[in-house]
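Examining the three-dimensional arrangement
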Amino acid sequence: MSVMSYSKALGTAIAEEMRRDKNVVCIGIDLQYCGGAFGVTKGLCEEFGEDRIVNMPIAEAGYTGLSVGAAATGLRPVTELQFGDWVTIASDQLVNQAANLHYMSGGAITVPMVMRLPCGGFGAAAAQHSHMFESWFSFVAGLKVMCPSTPNDAKVMLKTAIRDDNPVIFLEHRQCYEMKGEVNDDPEFTIPMGKADVKRKGKDVSLITYSYMVHFALQAAEKLAQEGIDVEVIDLRTIKPMDTETIINSVKKTNRAVCLQETWKTCGVAGEVAAIIADQAFDYLDAPVKRIASPDCPAPFSPDLETFVLPSVDGIVKAVREIF
């Protein structure tokens, strides 16, 4: 095991996969010598050359389309958007092309591409640089969606995504990039697609979340432990396919569930998790399932307003108390 940052873990995963498979290429803006918007690919061009670390102009729809075509014809592109909010520009290429080609071709074409999306709030970056769109893409048949929360998960999940033969939307929360933790050094170590992780065991309530909110959930769990409430924290890790078995087994044990997400509440992942629990574990519940999310408004630029809008550790603690 090595200690490294989340961003370094992502870069290490890409380097290992590029050494393993000559068809893996990186595509995006300023990747070659700047390392992209957050330095993830820094140093890779020196090892792999400009033919495999490919700089693009500011044309998100164009180079996403290029990535879809490259994947369909034998390469494994790892494509980065500078900010995940701009995936709206590229969504036609992902939703109408990447997601459908395997099915429309009767299985003759695969699209093994990864779309890396730096995302999330808590940076006072305003409404065009702060949002998360995991719910959008989880709705689309043919796409997979992953949201790692720790450096080790970032590395092993990205390796899993690169090796998958389907298009994967890979959301990297910007507040996680500088977080450090132990990372598995084995270049062949991966985790199965669609496997959640119990980040903290507990017996009184299941707190189910993903991405940056995992860290808020763990802090809230420590505060609640001082009050005698034992919280189990489930990190979904993969939104689609979702690990329903881990969710249901946890709720059957704790008999209470709180579903937490950073982004807007309406039609969100938290609502989907709540529906799964209602469908498969209703008789085990001792209280209604509760959702925690942001209100349906764009991310404010003002740091004070952003803090007011986004979930907080104290807000999570209050919400958990309410179901006892």
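Look up a bit, the structure's there.
Here's a quick rundown of the structure. (Residues numbered from 1 in each chain as written. Predicted model: local features only at pLDDT ≥ 70, side-chain atom pairs only at ≥ 80, totals over all residues. Heavy atoms only, no water.)

Quick look at helix α4 (residues 87–98)
- The end-to-end C-alpha distance of α4 is 14 Å, clearly below the 16 Å that twelve residues give at a rise of 1.5 Å each.
- What α4 keeps buried is the set Val87, Ala90, Leu94 and Ala98. Along the axis of α4, the buried positions cluster into a sector of 70°, meaning they face one direction only.
- Tucked inside the fold, the buried residues of α4 contact α3 (60–72), α5 (101–104), β5 (114–119), α6 (134–138) and β7 (168–173). (Helix = DSSP H or I, 4+ residues; strand = E, 2+ residues; numbered from the N terminus. Expected span 1.5 Å × (residues − 1). Buried < 20%, exposed > 50% of the residue type's maximum accessible area, 1.4 Å probe, protein only. Arc of directions from axis to C-beta. Contact = heavy atoms within 4.5 Å.)

Looking at the nonpolar core
- Leu10, Ile14, Ile53, Leu158, Phe170, Val231 and Ile316 are the most contacted members of the largest nonpolar core, which totals 51 residues.
- Among residues more than four places away in sequence, those in contact with isoleucine 14 are Cys26, Val40, Thr41, Leu44, Val78, Arg116, Leu158 and Ile162.
- Judged by nonpolar contacts, the second largest core, of 46 residues, contains Met56, Tyr63, Cys147 and Leu236. (Core = buried A, V, L, I, M, F, W, Y, C linked by side-chain atoms within 4.5 Å.)

Quick word on the sheet that holds strand β12 (residues 238–240)
- Strand order in the open sheet made by the seven strands is β3-β2-β4-β5-β7-β6-β12, with mixed pairing throughout. Every interior strand has two partners, whereas the edge strands, β3 (53–55) and β12, have only one. Taking each pair of neighbouring strands and ignoring which way they run, the sheet shows an average axis angle of 20°.
- Pairing geometry for strand β2 (residues 24–28) and strand β4 (residues 76–80), over five bridges, is parallel. (Pairing = 2+ DSSP bridges. Axes fitted to C-alpha atoms, helices over the stretch in contact; angles between N-to-C directions.)

Notes on the packing of helix α9 (residues 244–254) against helix α10 (residues 269–280)
- Close contact between α9 and α10 brings their axes to 10 Å; oriented N to C, the two are set at 65°. At the point where α9 passes α10, the crossing takes the right-handed sense. Residues Thr244, Ile247, Ile248 and Val251 of α9 form the contact with α10, whose participating residues are Val273, Ile276, Ile277 and Gln280.
- Looking at side-chain class alone, the contact of α9 with α10 contains six nonpolar, two polar and no charged residues. (Left-handed = near helix turned anticlockwise from the far one by under 90°. Nonpolar A, V, L, I, M, F, W, Y, C, P; charged D, E, K, R; others polar.)

Looking at the packing of aromatic side chains
- As enumerated under the stated definition, the model contains nine aromatic pairs in all.
- Centroid distance phenylalanine 122 to tyrosine 212: 5.4 Å. Interplanar angle 70°. Geometry classified as edge-to-face. Highlighted residues: phenylalanine 122 in the loop between β5 and α6 and tyrosine 212 in the loop between β10 (205–209) and α8 (213–225), separated in sequence by 90 residues.
- Measuring from centroid to centroid gives 4.5 Å for phenylalanine 133 and tryptophan 136, while their planes differ by 45°, and the two rings are tilted.
- The exposure class of phenylalanine 133 is buried, given its relative accessible area of 8%.
- Exposure remark for tryptophan 136: the relative accessible area of 45% places this residue in the partly exposed category.
- Connected via pairs of aromatic rings, a cluster forms that spans Tyr6, Phe38, Phe83, Trp86 and Tyr177. (Phe/Tyr/Trp six-rings, centres within 6.5 Å; stacked < 30°, edge-to-face > 60°.)

Focus on empty space enclosed by the protein
- Summed over all chains, the structure comprises one cavity of 30 Å³ or more.
- For the largest cavity, the calculated volume is near 120 Å³.
- Taken together, 16 residues make up the lining of the largest cavity; nearest its centre are Ser130, His131, Ser294, Ala299 and Leu310.
- The biggest single contributor to the lining of the largest cavity is strand β13 (residues 257–264), with three residues.
- When grouped by side-chain class, the residues that make up the lining of the largest cavity number nine nonpolar, five polar and two charged. (1 Å grid on protein atoms, 1.4 Å probe; cavity = no way out; pocket = protein on both sides within 12 Å on 5 of 7 lines; lining within 4 Å. Points joined across faces, edges and corners; volume = space filled by probe spheres on them.)

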